[in-house]
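As a plain string of letters, each chain reads:
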Amino acid sequence: MQFSSFKNELLSDFKGNPEHFRRMKQALQEVGTELGQKYPLVIGAERIETEETFHSYNPSEKDQVVGTFSKGDPGAGALAIQKAEGAFESWSLTPAETRVKLLVSTAKILRDRKYHYAAWMVYEVGKSWAEADADVAEAIDFCEFYAREMLRLAGRQPITPVPGERNRLEYIPLGVGIVIPPWNFPLAILAGMTAASIVAGNTVVLKPSSDSPTIGYKFFEALEEAGMPAGVVNFLPGSGSTVGDALVAHPRTRFIAFTGSKEVGLHINEVAAKHQPGQIWIKRVVAEMGGKDSIIVDSETDLESAVDGVAASAFGYQGQKCSACSRAIVVEAVYEPFLEKLKERVEEIKVGDPVDPKTYMGPVVNSRAKESIQEYIKIGKQEGRLVTGGKEASGPGHFLAPTVIADVPPQARLSQEEVFGPVLAVLKAADFDEALRIANNTEYGLTGAVYTKNRAKIEKAAQRFHVGNLYFNRKCTGAMVGGHPFGGFNMSGTDSKAGGRDYLLLLTQAKLISEKQST
Ligand code: TAP
């Protein structure tokens, strides 16, 4: 099987290409007529409707139901694991080429209907057109990238020849995995963790986030349409703390691929570590968690581009990215001019319903998130000086104005805790060295960026700024599959670089097969 080398999916150009604009507008209209439908659990070949259901809502129109979902419980979880185990028997022995074809066909389905998937994200999680389009592109990239990676792993592996023996090393799947994604990249991360698991020969139970189950279901349908056998992925929405916990604890669960908050990630790690009666392996946990990401702005830099990079990283998708800049650490010599330009730039941001193509910032995901962010704004106002924002924005959804709080001390709560919303803390550093020390002073280590023209400072930061994804003279969000393998250090997770060449190794185990040659 031969493939062209991997290339990232091109992003749409809604401003410059009228056809892209027209197709997105039409998709929004069409998807708008499909809101409020009912969705079942899918366990093995069966679609199951439960008595108990829950709704997913449009955060821009908080009473509008996007989808009504059957609700998985621990019993359904056990059945899903049993079906996944059944499917593993044949799927694990299916040639890698067949599994690879499934991903490539799924990528084609996503590509052909990219505006529809994007439109679902506008309605279900409040992404702007550009953010939703990028999310679909990343999902396509994950399918295409992991497909090629699996071919590489399925090929001959380099081992040292031993005289008199015929030896080979094979990467075989682990077993049944539990895939637990967040809502903030509801297609890309869900698709990435699922696609990587199954292309490696595993079968999974997919528990989507309760805030974005519709997009999860749409991806599941794409896999089915691409020819996935029943039971390879089992779709099981439900509450994380009940069904999620039961799935993680189950003795037949072999691995967990999780992306979400530090609190839930640590909890999953703990539950997974506990040996259950009948369990014959140590569960593997791949966990990508939160961040408190900083951008350092040095005195020797172009302030305009630093302001643009900080604003885009802090307020793109309402700051609800694990990679979002939540601290700008600015060297004293340029602190005031930076703040002045930043204030001007942030006050130009348009907040509203992202169905409108002019909207840059949509709503935050739900009322709980909004309250928690507002609480942090209150804390921030006590810890620092409000520069702009700090209030709700008008509309029928969970809208907040982009907020900048300056003069925040390095150990303040707003400097240390993940807010996960459109709130940026600005910290003053005496010089570049102090800025670097502050940048490393949290428990996280996900992304970071530095704006400087000084080569020696670039080299110093490259060595000392301890994050999984470090960028110079550009924003700290927007990692590209293949080009920027993504994952963080410390409390940001297990540094399992998604979209990188090591990722499938986390979902496989290596088997050495040695045969003595007859003389
Ligand atoms: P969480 O609240 O942690 O939820 C993530 C997932 O875990 C959801 O599907 C959730 O289900 C499930 N869950 C909750 N409790 C569980 C339990 N006890 N057992 C098993 N599963 C459980 O995070 P979120 O709000 O969706 O996402 C935001 C967080 O994700 C932020 O901290 C962000 O930094 C992080 N994130 C990290 C990355 C990377 S790559 N490091 C990327 C994106 C996001 P329910 O929805 O049903 O509660």
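Please refer to the structure higher up on the page.
Before going into details, it helps to say that this report is about the structure given with it. Please read all numbers here as calculations on a predicted model, not as lab measurements.

Below, the discussion takes up the packing of aromatic side chains. By convention here, two paired aromatic rings are described through the distance between centres and the angle between planes. Applying the stated criterion across every chain yields a total of 15 aromatic pairs. For the pair Phe 6 and Phe 145, a centre-to-centre distance of 5.3 Å together with 80° between the ring planes defines the contact as edge-to-face. Taken together, the residues span a long stretch of sequence, with Phe 6 in the segment before helix 1 (18-32) and Phe 145 in helix 5 (residues 129-154) at a distance of 139 residues. Judged by centre distance (5.7 Å) and plane angle (75°), the rings of Trp 183 and Phe 420 are edge-to-face. Taken together, the positions of Trp 183 in the loop between strand 7 (176-180) and helix 6 (188-199) and Phe 420 in the loop between helix 13 (413-416) and strand 16 (423-429) put the pair 237 residues apart, joining distant regions of the chain. Relative accessible area serves as the criterion here: at 14%, Trp 183 is assigned to the buried category. What makes Phe 420 partly exposed here is its relative accessible area of 21%. Through a chain of ring-to-ring contacts, the aromatic side chains of Tyr 39, Phe 54, Phe 69, Tyr 217, Phe 220 and Phe 235 assemble into a single cluster. The ring of Tyr 317 carries the charged tip of Lys 127 above its face, separated from the ring centre by 4.6 Å. The ring of Tyr 471 carries Arg 474 above its face, with NZ or CZ at 4.0 Å from the centroid.

The next thing to look at is the site of the ligand. Surveying the vicinity of the ligand reveals 32 residues, the closest of which are Pro 181, Ser 210, Ser 261, Met 289 and Glu 418. Take Ser 210: an N or O atom from its side chain is 2.5 Å from an oxygen atom of the ligand. Here an oxygen atom of the ligand sits 3.2 Å away from a polar atom, N or O, in the main chain of Gly 260. Contact with the protein chains covers 87% of the free accessible surface of the ligand, which is 920 Å². Of all the secondary-structure elements, those providing two or more residues to the shell around the ligand are helix 8 (240-249), strand 10 (255-259) and helix 9 (262-273).

Here we take up the sheet that holds strand 1 (residues 37-39). If you walk across this open sheet you meet the three strands as 1-5-4, and the pairing is mixed. Looking at strand neighbours, the two that pair on one side only are strand 1 and strand 4 (53-58), the edges of this open sheet. Taking the axes of each pair of neighbouring strands and ignoring which way they run, one obtains an average angle of 35° across the sheet. Relative to strand 5 (residues 61-70), strand 1 is paired through three bridges, and the arrangement is parallel. Counted as the bridge partner of Lys 38 is Thr 68 from strand 5.

Turning to the pattern of salt bridges, a few remarks are in order. Following the criterion strictly, the structure yields 32 salt bridges and no others. Taking the shortest distance from any N to any O, the salt bridge between Lys 460 and Asp 433 comes out at 2.8 Å. Highlighted residues: Lys 460 in helix 15 (residues 455-464) and Asp 433 in helix 14 (residues 432-439), separated in sequence by 27 residues. Judged by relative accessible area, Lys 460 falls into the partly exposed class, the value being 25%. Salt bridges sharing partners connect three or more residues here, namely Glu 9, Arg 111, Lys 114, Glu 144 and Arg 148.

Attention now goes to the packing of helix 8 against helix 9. Across the interface, helix 8 lies against helix 9 with an axial gap of 8 Å and an inter-helix angle of 40°. For the element pair helix 8 / helix 9, the angle class is oblique. Two secondary-structure elements touch here, helix 8 through Asp 245, Val 248 and Ala 249 and helix 9 through His 267, Ile 268, Val 271 and Ala 272.

Quick look at the packing of helix 5 against helix 6 now. Where helix 5 meets helix 6, the axes come as close as 8 Å, and the angle between the chain directions of the two elements is 15°. Taken together, helix 5 and helix 6 sit at an angle that is classed as roughly parallel. In this structure, helix 5 meets helix 6 at a crossing whose hand is right-handed. Between helix 5, through Asp 135, Glu 138, Ala 139, Phe 142, Cys 143, Tyr 146, Ala 147 and Met 150, and helix 6, the contact on the second element is made entirely by Ala 188, Ala 191, Gly 192, Ala 195, Ala 196 and Val 199. Its residues placed into classes, the contact of helix 5 with helix 6 shows 11 nonpolar, one polar and two charged.

Scoring rules and cut-offs
- Residues numbered from 1 in each chain as written.
- Predicted model: local features only at pLDDT ≥ 70, side-chain atom pairs only at ≥ 80, totals over all residues.
- Heavy atoms only, no water.
- Phe/Tyr/Trp six-rings, centres within 6.5 Å; stacked < 30°, edge-to-face > 60°.
- Helix = DSSP H or I, 4+ residues; strand = E, 2+ residues; numbered from the N terminus.
- Buried < 20%, exposed > 50% of the residue type's maximum accessible area, 1.4 Å probe, protein only.
- Lys NZ or Arg CZ within 6 Å of the ring centre and 35° of its normal.
- Near = heavy atom within 4 Å.
- Polar contact = N/O pair within 3.5 Å; in protein donor to acceptor, adjacent residues only side chain to side chain.
- Areas by Shrake-Rupley, 256 points an atom, 1.4 Å probe, with all protein chains shown as cover.
- Pairing = 2+ DSSP bridges.
- Axes fitted to C-alpha atoms, helices over the stretch in contact; angles between N-to-C directions.
- Salt bridge = Lys/Arg side-chain N within 4 Å of Asp/Glu carboxyl O.
- Parallel < 35°, antiparallel > 145°, perpendicular 65-115°, else oblique.
- Contact = heavy atoms within 4.5 Å.
- Left-handed = near helix turned anticlockwise from the far one by under 90°.
- Nonpolar A, V, L, I, M, F, W, Y, C, P; charged D, E, K, R; others polar.

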